[in-house]
Amino acid sequence: MGSGSGDISLRLQKLAQQTRDELGDSATVEVVKGDTTYRVWEEFKRQHPDLPVPSNDGGTIKSREFSYLPDEQKIDAEFEAKLSAAVPASAPEAVDESEEAGAVEEAENDEAAEAPDAEDEAAENTEENPAAGKYAGENKPASTANWADLNGKNFEVIDEPDENGDIPTRPIHGEIKVEGEAKNGENPAKFTITDSDNGGVYTFELDTSVKDKVVYRCVSGPEGPYSKGNDYELRTINGKPILVQMKASEGHGMGVARVNAAAAATEEEEEVEEAEEGEDNVEETSQMTPEQREAKIKEESEAILTDEALPDDAKTLLLAANMTLAAAAYSDPKPEISEDEDGNEVATLPDGRRIKIRRDENGEIIQVAIDNDTDGKACDVNYQKTQVSYEANPETRKYGKTLDVKYYNFDKILELAKRIFGEKK
């Protein structure tokens, strides 16, 4: 056996130095002493900045730390020479082999004892799978379940398992509470699950628009409302009722919280980009001289038309409408935006000319109508993706004539309209 603190000091310094040599100068090395076991714990700050900093308070070692006991043969003569200057002259040079073997064995045993089991790790990382192979077996759709029997008991919501019964994300599982009276064989409109891992409450609502299967949507969780990747089909696995997100679903393999967080981040990024683009448009327009603005309006209005020769009865109206649209797009200040009785967005130029747009349910512009006069009645031209209508009756506001899209570039019309109204509402 070794003979005192000199042996301990030398061994710890060797381990620390060898670890630093192996992993580079940027490694943060911590020496942890526990009885007769000596371990060097290293946190990869450079390679793994997301991992927690190792404990240095003598408490429980975190699960993501690890022990590194280098091979004694790697401590070569060059290292011994460097070390000798740092070790007191009275410290022995040799380390008893039996002591070293015992330290290694005890370190390995301690590490195994401190390693978290799968359930603990899954609770820490909500995207990991804590139950390999648990969901193997017959997986088939169900039309209903014995909800009264299930109410108040453990219920599971999972991503569709693979052929081995493994699932790609942590399940939502815990006590289910049906809203209202729970009846066997009658699918409830709404229920909640209080997750046994994170304590969060997840709310599920029956999607009555789906007719060929029973689908519940997870409408909210600990992070707030969900609107993406949140559809789960009622199925049975080996006869046990369970909600399953099928592989074709948007959120499969990601987890509902992650899908919605990603969607929110994308939405926020798009909003910022739109705002910046709008600021750029305003700045670009405000910096133009009157001559530059006039030339730009003419250039943009002409870019709407294709090489097809317009029929004579449409030429005057369309040319004027295109100039009105371009003038509004490059107006300084920007035209005032209002809403008419039909819910259309309306931009009005100082002289009374108007541009009116309609959006679809996703906020995309699908129609651009242009009024070249100031009577406030019918628009003269109505551009759509496949056709343009013109010669509207002022009283009925119905268009008498149409032309095919081959006469104009609808993408250019949308580009100018978005400068006026923005990308989405």
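In this text, all values refer to a predicted model and were calculated from it rather than measured experimentally.

A. Quick peek at the pattern of salt bridges. Here the structure, examined in full by the defined rule, presents 18 salt bridges. With a closest N to O distance of 2.9 Å, Arg170 and Asp197 form a salt bridge. One end of the pair, Arg170, is in the loop between strand E4 (154-159) and strand E5 (172-178); the other, Asp197, is in the loop between strand E6 (190-195) and strand E7 (201-206), and 27 residues separate them in sequence. Accessibility expressed as a relative area gives 7% for Arg170, which makes it buried. Overall, the relative accessible area of 23% leaves Asp197 in the partly exposed class.

B. Main features of the layout of surface pockets. Of the volumes computed, that of the largest pocket is approximately 300 Å³. Lining the largest pocket are 17 residues; nearest its centre among them are Asn344, Lys356, Ala369, Cys379 and Tyr399. Those elements giving two or more residues to the lining of the largest pocket turn out to be strand E14 (354-359) and strand E15 (365-371). Of the residues contributing to the lining of the largest pocket, the split by class is 6 nonpolar, 4 polar and 7 charged.

C. Fine view of the packing of helix H7 (residues 290-303) against helix H8 (residues 312-329). One can describe the packing of H7 onto H8 by two numbers: an axis separation of 8 Å at closest approach and a directional angle of 130°. Taken together, H7 and H8 sit at an angle that is classed as oblique. Crossing angle aside, the handedness with which H7 passes H8 is right-handed. Note on element contacts: H8 touches H7 through Asn322, Met323, Ala326 and Ala327, opposite Ile297, Lys298, Glu300 and Ser301. Looking at the contact of H7 with H8 residue by residue, the class counts come to 4 nonpolar, 2 polar and 2 charged.

D. Broad picture of the environment of Pro141. Within the element layout of this structure, Pro141 appears in strand E3 (residues 139-141). Sequence spacing of Pro141 and Ile237 is 96 residues, and the spatial spacing of their C-alpha atoms is 9.0 Å. Contacts of Pro141, omitting those with residues within four sequence positions, involve Glu233, Leu234 and Arg235.

E. Looking closely at H7. If you check H7, its first and last C-alpha atoms are 20 Å apart, about what 14 residues at 1.5 Å a residue would give, namely 20 Å. Taken residue by residue, H7 has Arg293, Ile297, Glu300 and Ser301 as its buried positions. With its buried residues spanning 100° around the axis, H7 presents them on a single face.

F. Main features of unusual backbone geometry. The residue after Asp332, namely Pro333, is reached through a cis peptide bond having omega 5°. Relative to the helices and strands, Pro333 resides in the loop between H8 and strand E12 (336-339). The backbone of Asn238 shows a phi angle near 55°, a positive value even though the residue is not glycine. Relative to the helices and strands, Asn238 is located in the loop between strand E10 (231-237) and strand E11 (240-245).

Conventions we followed
Residues numbered from 1 in each chain as written. Predicted model: local features only at pLDDT ≥ 70, side-chain atom pairs only at ≥ 80, totals over all residues. Heavy atoms only, no water. Salt bridge = Lys/Arg side-chain N within 4 Å of Asp/Glu carboxyl O. Helix = DSSP H or I, 4+ residues; strand = E, 2+ residues; numbered from the N terminus. Buried < 20%, exposed > 50% of the residue type's maximum accessible area, 1.4 Å probe, protein only. 1 Å grid on protein atoms, 1.4 Å probe; cavity = no way out; pocket = protein on both sides within 12 Å on 5 of 7 lines; lining within 4 Å. Points joined across faces, edges and corners; volume = space filled by probe spheres on them. Nonpolar A, V, L, I, M, F, W, Y, C, P; charged D, E, K, R; others polar. Axes fitted to C-alpha atoms, helices over the stretch in contact; angles between N-to-C directions. Parallel < 35°, antiparallel > 145°, perpendicular 65-115°, else oblique. Left-handed = near helix turned anticlockwise from the far one by under 90°. Contact = heavy atoms within 4.5 Å. Expected span 1.5 Å × (residues − 1). Arc of directions from axis to C-beta.

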